[in-house]
Amino acid sequence: TTNVIPPGTSVTGTIKFWPDSTGDKTATLRICSNDPDTQWVEVPLSGKGTHEPDINVVPMILDFGNVQVGTTSAVRSITVSNNGTAKLKIDNIILIDTQFHITGGLEPDDTLAPGASASINLTFTPAAIGFHSANLTILSNDPDESPLDVLLKGTGTEGSVAPDITVFPTKV
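Residues numbered from 1 in each chain as written. Predicted model: local features only at pLDDT ≥ 70, side-chain atom pairs only at ≥ 80, totals over all residues. Heavy atoms only, no water.

*Asks:* Teacher, can you tell me more about the pattern of salt bridges here?
*Replies:* Side-chain pairs of opposite charge can arise where the charged atoms are in close proximity. This model, assessed by the stated rule, comprises four salt bridges. As a salt-bridge pair, Glu42 and Arg30 come within 2.6 Å of each other at their nearest N and O atoms. Taken together, the residues span a long stretch of sequence, with Glu42 in strand 2 (residues 40-49) and Arg30 in strand 1 (residues 23-32) at a distance of twelve residues. Of the residues examined, Arg30 reaches a relative accessible area of 46% and is grouped as partly exposed. Between Lys89 and Asp91 there is a salt bridge, with the nearest N and O atoms lying 3.2 Å from each other. Judged by its relative accessible area of 32%, Lys89 falls in the partly exposed class. With a relative accessible area of 34%, Asp91 lands in the partly exposed category. Salt bridges sharing common partners tie together Lys89, Asp91 and Asp109. (Salt bridge = Lys/Arg side-chain N within 4 Å of Asp/Glu carboxyl O. Helix = DSSP H or I, 4+ residues; strand = E, 2+ residues; numbered from the N terminus. Buried < 20%, exposed > 50% of the residue type's maximum accessible area, 1.4 Å probe, protein only.)

*Asks:* For this particular structure, what's the right way to read the environment of Phe131?
*Replies:* Structurally, Phe131 is set in strand 10 (residues 130-140). Taking C-alpha positions, Phe131 is 5.9 Å from Gly154, a pair spaced 23 residues apart along the chain. Ignoring anything within four residues of it in the chain, the contact list for Phe131 reads Lys153, Gly154 and Thr155. (Contact = heavy atoms within 4.5 Å.)

*Asks:* What should I look at first to understand the packing of aromatic side chains in this one?
*Replies:* Where two aromatic rings form a pair, the distance of their centres and the angle of their planes describe that pair. The final tally for this structure, using the stated rule, is three aromatic pairs. Aromatic pair Phe100 and Phe124: ring centres 4.6 Å apart, planes at 15°, arrangement stacked. On the criterion of sequence distance, the pair formed by Phe100 in strand 7 (residues 100-105) and Phe124 in strand 9 (residues 117-124) is long-range, its members being 24 residues apart. By relative accessible area, Phe100 is classed as buried at 1%. We classify Phe124 as buried; its relative accessible area is 0%. The residue whose ring lies beneath Arg30 is Trp40, and the NZ or CZ to ring-centre distance is 4.6 Å. A cation over a ring is seen here: Arg76 above Phe64, with NZ or CZ 6.0 Å from the ring centre. (Phe/Tyr/Trp six-rings, centres within 6.5 Å; stacked < 30°, edge-to-face > 60°. Lys NZ or Arg CZ within 6 Å of the ring centre and 35° of its normal.)

*Asks:* I would appreciate a short explanation of a nonpolar patch on the surface in the present structure.
*Replies:* A surface patch of nonpolar side chains, about 210 Å² in accessible area, is lined by Ile31, Val41 and Val43. Take Val41: it is sitting in strand 2. Judged by its relative accessible area of 42%, Val41 falls in the partly exposed class. (Patch = residues over 30% accessible without salt bridge, like charges linked within 9 Å, V, L, I, M, F, W, Y side chains within 5 Å. Areas by Shrake-Rupley, 256 points an atom, 1.4 Å probe, with all protein chains shown as cover.)

*Asks:* I keep staring at the side chain of Thr137 and nothing clicks. Help me out?
*Replies:* By secondary structure assignment, the location of Thr137 is in strand 10. For Thr137, a relative accessible area of 15% puts it in the buried group. At a separation of 2.6 Å, a polar atom in the side chain of Thr137 contacts the side chain of Asp149. Residues within four places of Thr137 in sequence aside, it is in contact with Asn92, Ile93, Ile94, Pro147, Leu148 and Asp149. (Polar contact = N/O pair within 3.5 Å; in protein donor to acceptor, adjacent residues only side chain to side chain.)

Just distances and angles here, no functional claims.
Written out as structure tokens, the structure is:
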């Protein structure tokens, strides 16, 4: 790129580091000019290429809304993605609650390739009226986001009234 820099001013630029492999990397940035004393300046560059998984979960809060006590909600899902450059290994998925249930999808020991995603399917069966919540905890080999908690919530609502039959006359 050619820039003309007026006397007494400066220009700032950005250099991005996108390594194609892991390990230490070095390079040299050469800035050429029409300065008669210094026709170029060399700037040493260095960085370290890493190869890591990066977990992403959507949504981070899963709201089942109102569900009648004793009934099971429709299946809802969260999506787990690997936005990193290495395989994401799911070490464990923990849900300690009897009202929220994992019904399928991603499981412990599953692996997601870079760019891949998978769902965890869940339901909510409230045992009592009122607000309920629990954490779904995902343990993985992501170096900075494990464990990762997803909030599950829902409200148990009053069930339907049991039928009340009256027979008249009482004798026939």
